[in-house]
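Structural overview
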Amino acid sequence: MKAPWPADPPRGPFRRTFWRSPLRGPWLTSVLGLLLLLTVPIVAITGLLSNVAYDPRLGANAVGRHLGPLDFYLFSWPTSPSWLYALNQGLHVTLGLATIPILLAKLWSVIPRLFEWPPFQSPAHALERLSLILLVGGAGFEWVTGVLNIQDDYAFGFFFTDAHYYGAWVFIAALSFHVCVKFPTVWRNLATRRALRPLLEGVDATAPEPRSPVDSDLIPVTPAAPTISRRALLGTVMAGSGLLLVQGVGQSVGGPLRDLAFLAPRGRAPGRGPNGFQINQTFANTGIDPSQVGRGWRLHVRGRTSLALTRERLLSMPQHTYDLPIACVEGWSTTQRWTGVRLRDLARMVGSADASELTSNSLEQGSSYSQATYSEDQLNDGRALLALRVNGAELSLDHGYPARVIIPAVPGVHNTKWVDSLVFRT
Ligand SMILES: Nc1nc2c(c(=O)[nH]1)N[C@H]1C(S)=C(S)[C@@H](COP(=O)(O)O)O[C@H]1N2
Ligand SMILES: [Mo]
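Quick notes on the rules
- Residues numbered from 1 in each chain as written.
- Chains lettered and ligands numbered in written order.
- Predicted model: local features only at pLDDT ≥ 70, side-chain atom pairs only at ≥ 80, totals over all residues.
- Heavy atoms only, no water.
- Helix = DSSP H or I, 4+ residues; strand = E, 2+ residues; numbered from the N terminus.
- Buried < 20%, exposed > 50% of the residue type's maximum accessible area, 1.4 Å probe, protein only.
- Contact = heavy atoms within 4.5 Å.
- Lys, Arg positive; Asp, Glu negative; His and termini not counted.
- Charge placed at Lys NZ, Arg CZ, Asp CG, Glu CD.
- 1 Å grid on protein atoms, 1.4 Å probe; cavity = no way out; pocket = protein on both sides within 12 Å on 5 of 7 lines; lining within 4 Å.
- Points joined across faces, edges and corners; volume = space filled by probe spheres on them.
- Nonpolar A, V, L, I, M, F, W, Y, C, P; charged D, E, K, R; others polar.
- Near = heavy atom within 4 Å.
- Polar contact = N/O pair within 3.5 Å; in protein donor to acceptor, adjacent residues only side chain to side chain.
- Areas by Shrake-Rupley, 256 points an atom, 1.4 Å probe, with all protein chains shown as cover.
- Domains from an automatic or database assignment.
- Buried area = accessible area lost by both parts, 1.4 Å probe.
- Pairing = 2+ DSSP bridges.
- Patch = residues over 30% accessible without salt bridge, like charges linked within 9 Å, V, L, I, M, F, W, Y side chains within 5 Å.
- Salt bridge = Lys/Arg side-chain N within 4 Å of Asp/Glu carboxyl O.

Right, let's talk about the overall build of the protein for a bit. Each helix and strand in the protein was counted, giving nine helices and ten strands. Evaluated residue by residue, the protein yields a buried proportion of 47% over its 426 residues. Considering only intrachain contacts with a sequence separation of at least 6, the fraction spanning at least 24 residues in the protein is 69%. When the 38 basic and 29 acidic side-chain charges of the protein are each reduced to a single mean position, those positions are 6 Å apart.

Structure representation (structure tokens):
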């Protein structure tokens, strides 16, 4: 049977003479692949764990999402250590960002393969190319939506969490296939080219990789003279990664390191004083009428019975103080000293000491932050508070006055601000 395309490649990038960098070759691609193999799985696993922490199975947490067979939970997310989610999300976002220069270099190193000719050579070849479309497309989708999300830029018309989650499964499946197919090649390439020995060569000694004992279509057939050595290329990539890593550590560890977070989307100077820490969304942004948080505000607590409590009444109850982080899904975190009443004390007041679930409702309407649901372990943790004060001062309006939820190790988004009601279910 005759193929539907000419035997000779068309002009341009489909010809092997088009790609001339002497740096391209199996060694470079293998080194970059190995670097990604050490980092990307951590990004993937912490991403899946973030979904466990978010727990869309509970009440309001699905935010309109359909739970399907790909929603997997091996355990319910613990409340200790309180920094567990900050660590998970710090790793996910920071390592995700730091892999960008490596991903770009890896794509550059294999770009001639995008223009292989003939485009399909056998069913197995077609299958491999299809898996590469899913791999490269999946990575592009995950990294682009992730970066837009941490910039708080919802430029896309779909719900981020769903899209990023299902996109991740496509990417993880394609990546697993790719690693199984390519790992033996990576190993052989590094072995036959004496591991990291090419890093000893400066630009003068830089030449195309040898075609024997193992040849590769990545080695240019008409190489140009080198303008940079392999070690300078890898050094530049690693320096870019390192810079992104350092700024990410600044955001996710916070405290004195926060000054390093030069890419922090919400700036590095959230004001001074006890309430001078990162704000996700300001009060003015929410559309809540200021009269709703004035003297007429009541906390509505519902369980077997119902109560409406003034702020004075809440302040007259036993107060507890804990240092707990807010750890945003976007990777930043900040640990502050919170004071307020225990959620389980409130449960007891409405005859629901045996509650198995709690849903918070904010005065803020119609946003994905308006509600959150907590598990039995979370609502019963002694450090799980309805916070009224922070660092010894009244909560500011921007941090959730008159009252907000603070629970150890939950994703920041579940620490509801401007609470209107708490509903305990048994
Ligand atoms: N009602 C309401 N609660 C909210 C939010 C919000 O926008 N509205 N933002 C959430 C998110 S995503 C985070 S990370 C934390 C941030 O708390 P902070 O602004 O006090 O730092 O509050 C959470 N609670
Ligand atoms: Mo957040």
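Okay, the layout of surface pockets next. Empty space among the atoms becomes apparent when a probe as large as a water molecule is rolled across them. Taken as a whole, the second largest pocket holds about 1200 Å³ of empty space. What lines the second largest pocket is a set of 50 residues, and nearest its centre among them are Q89, N149, F160, V329 and E330. The class makeup of the residues in the lining of the second largest pocket is 25 nonpolar, 19 polar and six charged.

If you check the shell around ligand 1, you find 18 residues, and the closest are Q278, Q281, E364, R404 and K417. One nitrogen or oxygen atom from the main chain of Q278 is found 2.6 Å from an oxygen atom belonging to ligand 1. Contacts to ligand 1 include S362, whose side-chain N or O atom sits 3.1 Å from a nitrogen atom. Starting from 530 Å² of accessible surface for ligand 1 in isolation, the protein chains cover 99%.

Our focus in this paragraph is the domain arrangement of the protein. How big an interface is tends to be stated in terms of the accessible area lost upon association of its parts. According to the domain assignment, the protein consists of domain 1 (12-256) and domain 2 (283-425). Measuring from the centre of the C-alpha atoms in domain 1 to the corresponding centre in domain 2 gives 39 Å. Of the residues lining the interface, 28 residues belong to domain 1; the matching set on domain 2 comes to 28 residues. Taken together, both faces of the contact between domain 1 and domain 2 bury some 2100 Å²; the carbon and sulfur share is 53%. Seen at the junction of domain 1 and domain 2, the total is eight residue pairs in polar contact (both at pLDDT 80 or more). The set of elements that each furnish at least two residues to the side of domain 1 that touches domain 2 consists of α1 (26-54), α2 (84-98), α4 (123-150) and α6 (230-253). For the side of domain 1 that touches domain 2, the element with the most residues is α2, which contributes six residues. Looking at side-chain class alone, the side of domain 1 that touches domain 2 contains 15 nonpolar, twelve polar and one charged residues.

Another aspect to go through is the pairing of strand β2 (residues 306-309). Sheet analysis places strand β1 (residues 299-302) next to β2, joined by four bridges and oriented antiparallel. The residue of β2 that forms the bridge with V301 is L307. Connecting β1 to the next strand, β2, in antiparallel fashion are three residues.

A few words now on the pairing of β1. Of the two faces of β1, only the one carrying L299 and V301 is buried; H300 and R302 on the other face are not. In this structure, β1 lies alongside strand β10 (residues 419-425), joined through three bridges in parallel fashion. Within the sheet, the bridge partner assigned to R302 lies in β10 and is V423.

What follows deals with a nonpolar patch on the surface. Among the surface-exposed residues, L127, L130, I133, L134, V170, F177 and V181 lie close enough to one another that they form a single nonpolar patch of about 610 Å² accessible area. Where the nonpolar patch is concerned, the elements lending two or more residues are α4 and α5 (160-192). Sorting elements by how many residues they give to the nonpolar patch places α4 first, with four residues. Checked against the element boundaries, I133 lands in helix α4.

By the definition in use, this model includes 13 salt bridges. Note that E394 and R311 form a salt bridge whose closest N and O atoms lie 2.7 Å from each other. With E394 in strand β8 (residues 393-394) and R311 in helix α7 (residues 311-316), this pair connects stretches of sequence that are 83 residues apart. Relative accessible area serves as the criterion here: at 36%, E394 is assigned to the partly exposed category. According to the relative accessible area criterion, R311 is buried, its value standing at 7%.

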